[in-house]
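Here is how the chains run, residue by residue.
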Amino acid sequence: MEILRLENVTKRFGGLVAVNNVSFTIEKGEAIGIVGPNGSGKTTLYNLINGVYIPDEGQIFFEGNDITNLPPHARAPLGMARTFQIPRPFGSATTIENVAVGAMFGYANASVDEALEIAENYLKLVGLYEKRHTEAGKLTPLEKRLMEVARALAMKPKLLLLDEVMAGMNPTDIDRLINLLKKIRMEEDISIVAMVEHLMHAITKFAERVIVMHQGKKLLEGPTMEVLNNPKVIEVYLGKKVVQNAEG
Amino acid sequence: MKFSEKYSSLIPVMTVYALLFAIGMTVPGMWQPVAFIMFYITLGQAFNIFLGLTGYVDFGYVAFLALGAYGMALAVQNFSGLGIGFGVIIIGLVLAMIMSSILSLAVGAVALRLRGAYFAIATIGVNEGFRYFVEGARLWGGSEGIIISGSMRKLFGRELSNYISTFVSDIFVFAIAVIAAVVTIIILNRKMGYALMAVREDEDAAKVMGINVTKYKIMAFIASASFAGLIGATAWTLKMTYVFPSDVFLITYTVEAIVIVMLGGAGTLLGPIVGGLIYGILKYYLSIILPGFQLLVLAPLLIFIVVAFPEGVVGAIRRKYTGEMTRKYLK
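As the structure is a prediction and not an experimental result, all values here were calculated from the model.

### Comments concerning the domain arrangement of chain A
Residue and element names in this part refer to chain A. Domains assigned within chain A are domain 1 (2-63 + 158-247) and domain 2 (88-157). The distance between the C-alpha centroids of domain 1 and domain 2 comes to 25 Å. Opposite the 10 residues of domain 1 that make contact, domain 2 presents 10 residues. When residues of the side of domain 1 that touches domain 2 are traced back to their parent elements, those giving at least two are β7 (159-163) and α6 (171-188). With three residues, α6 is the single largest residue contributor to the side of domain 1 that touches domain 2. A breakdown of the residues in the side of domain 1 that touches domain 2 according to their chemical character gives seven nonpolar, one polar and two charged.

### Describing helix α6 (residues 116-136) of chain B
Residues and elements named next belong to chain B. For α6, spanning 21 residues, the distance from its first C-alpha to its last is 31 Å, which sits close to the expected 30 Å at 1.5 Å a residue. When we look at burial in α6, the residues that qualify are F119, T123, V126, N127, F130, R131 and V134. Against the buried residues of α6 lie α4 (62-79), α5 (87-111), α11 (245-248) and α12 (251-264). Positive backbone phi, at 50°, marks R138, one or two positions downstream of α6.

### Quick look at the interface of chain B and chain A
Residue-level contacts link 18 residues of chain B with 24 residues of chain A. Broken down by secondary-structure element, the contributors of at least two residues to the side of chain B that touches chain A are α8 (191-201) and α9 (203-208) of chain B. At six residues, the largest contribution of residues to the side of chain B that touches chain A is made by α8(B). Class assignment for the residues of the side of chain B that touches chain A results in 10 nonpolar, three polar and five charged.

### Structural notes on unusual backbone geometry
What is expected of a backbone is that most residues other than glycine have negative phi and most peptide bonds are trans. Residue and element names in this part refer to chain A. Here N21, not a glycine, exhibits a phi torsion of approximately 55°, which is positive. Note on placement: N21 falls in strand β2 (residues 16-27). Judged by C-beta crowding, with 14 C-beta atoms within 10 Å, N21 ranks as partly exposed. Phi is positive for K156, close to 55°, though the residue is something other than glycine. Within the secondary structure, K156 is located in the loop between α5 (141-154) and β7.

### What about the pairing of strand β10 (residues 217-223) of chain A?
Residue and element names in this part refer to chain A. In this structure, strand β9 (residues 209-214) lies alongside β10, joined through six bridges in antiparallel fashion. Bridge pairing in β10 places I211 opposite E221. Hairpin connection from β9 to β10: two residues lie between these consecutive antiparallel strands, with Q215 at a positive phi of about 50°.

### Describing the nonpolar core
With 191 residues, the main nonpolar core has A:A103 and A:A150 as its most contacted residues. Sort the elements by how many residues they give to this core and helix α10 (residues 213-240) of chain B lands first, with 17 residues. Looking at which domains feed residues into this core, each of domain 1 (2-63 + 158-247) and domain 2 (88-157) of chain A supplies at least three. Excluding anything up to four places from it in sequence, A:A150 contacts A:V99, A:Y122, A:L123, A:L125, A:V126 and A:L128.

### Looking at the sheet that holds β2(A)
Residues and elements named next belong to chain A. Within the open sheet, the four strands sit side by side as β2-β1-β4-β5. Their pairing is antiparallel. Both outer strands of the open sheet, β2 and β5 (65-66), are each paired with one neighbouring strand and no more. As paired strands, strand β1 (residues 2-13) and strand β4 (residues 57-62) are joined by five bridges and run antiparallel to one another. The residue bridging L4 from the neighbouring strand is F62, located in β4. Lying over the sheet, helix α1 (residues 42-49) contacts β1, β2 and β4, oriented at roughly 60° with respect to β2.

The rules behind each value
Residues numbered from 1 in each chain as written. Chains lettered and ligands numbered in written order. Predicted model: local features only at pLDDT ≥ 70, side-chain atom pairs only at ≥ 80, totals over all residues. Domains from an automatic or database assignment. Contact = placed C-beta atoms within 7 Å. Helix = DSSP H or I, 4+ residues; strand = E, 2+ residues; numbered from the N terminus. Nonpolar A, V, L, I, M, F, W, Y, C, P; charged D, E, K, R; others polar. Expected span 1.5 Å × (residues − 1). Buried ≥ 20, exposed ≤ 12 C-beta atoms within 10 Å, placed from the backbone. Pairing = 2+ DSSP bridges. Core = buried A, V, L, I, M, F, W, Y, C linked by C-beta atoms within 7 Å. Axes fitted to C-alpha atoms, helices over the stretch in contact; angles between N-to-C directions.

Structure, rendered in structure tokens:
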């Protein structure tokens, strides 16, 4: 069953075409990686999916329903959640309050008391339980990322969009997070899309399928290893010469 | 969370109210200063529901106070012949709330779609605009306003109407302060409180998390405005027994409300009380000790406090002491 479908989506900022005629489908329970160099339109793509931007052309469907023109606050309750490239905690609130907000207004739609309980569980899951009464603004950058993951998970999404969530983490933390995401995906049957710029190693461990973005267009889409070894993808990242040398 | 834990932060608030009330009632000559300070605490408490919880500054806030004042005046003027005695004042209170909340809905539905500073600029015009409208269109007596002292005397007799303006109106203000504090803590404990916290901290992130930010901002705006209406009806109309547009549409009250909320700590329950105490006491006693120079002294004092506690006094305490007690009693 499909969870998300983009049909010929285009977004322009003045003369710049940030996302150019992109179409793809994500199935329920899939683990997808979106990769692409800096400026390839990945973040714009996320903003289009969760409604921060409205596309100039094309349509977006969530579980078969057209959500192209829905504002972000109407999309989240349908079962969509995301994290941000630069974490955006509600700084003066405590960590547990941050996560509880997710549970209250996301698909979970919990009452305040339920939300605080849900928040506790997810904080335990990501390993931030001890910091539950710490102001979110005072967490370390890594902890802020984990808090955002917990906050997004507490929304009980059907589709989770992770924006560079593993950037700046050491390999041990990355492995731990990937295992956690795998486990949650199995247990709760949610589709997870992870967007990365450079952490190919992490993506190979996590994603079943990869979409490669380049200059606003979808360059390639397919099974992870197959796509990442494609000469076109290597060219995008390392330049033509490297590919020629490798071939020659 | 347990019920007692949710509402425990009302204890210090109600203690301060009770202390002030006791001082006013028992110490001779203290009722007037206590009522003066209480006016500012209540104003701060009402404004805090909007400014404190959403982080939006409304420079037109006094317009709601003014409309409330008119609501009470109109009720007394028009219904004093009905022979329902004290019922007129009840009608006045209801009318004050309705009028100020209708205006806030109209202003909010348009202006609250704007962000931060743009909202503040948009609201500056509301107060001045409404004042000139009242004067120019000769609405509600135009610039001559409404004088209700005659109707009040007819309604309640000379003695009782004096008692209402010197004492009962202050009791009303006390009651409004209590209700405003209870409403604030109820909002803070509900989903709405968490939604407004998110709006204050990061409006875009809040939207992405499924929070209908405009809805919650308008709800806070209307709640705050209807309390302003009640304050106008009681602390102004019932106390002064007249309403002149040039007096009630005075931006000074907006500025004072902002100062009080910022002094005490925006978004905290105890903040407006601390702010109101500091501001009210300083203003009252400075005008006695240094008549004419009070503002010259008050301004640097306020600047000093704001520099020392940029998050307000209560905000600074909460940041410094993050223990169990703070969480429980300092919301």
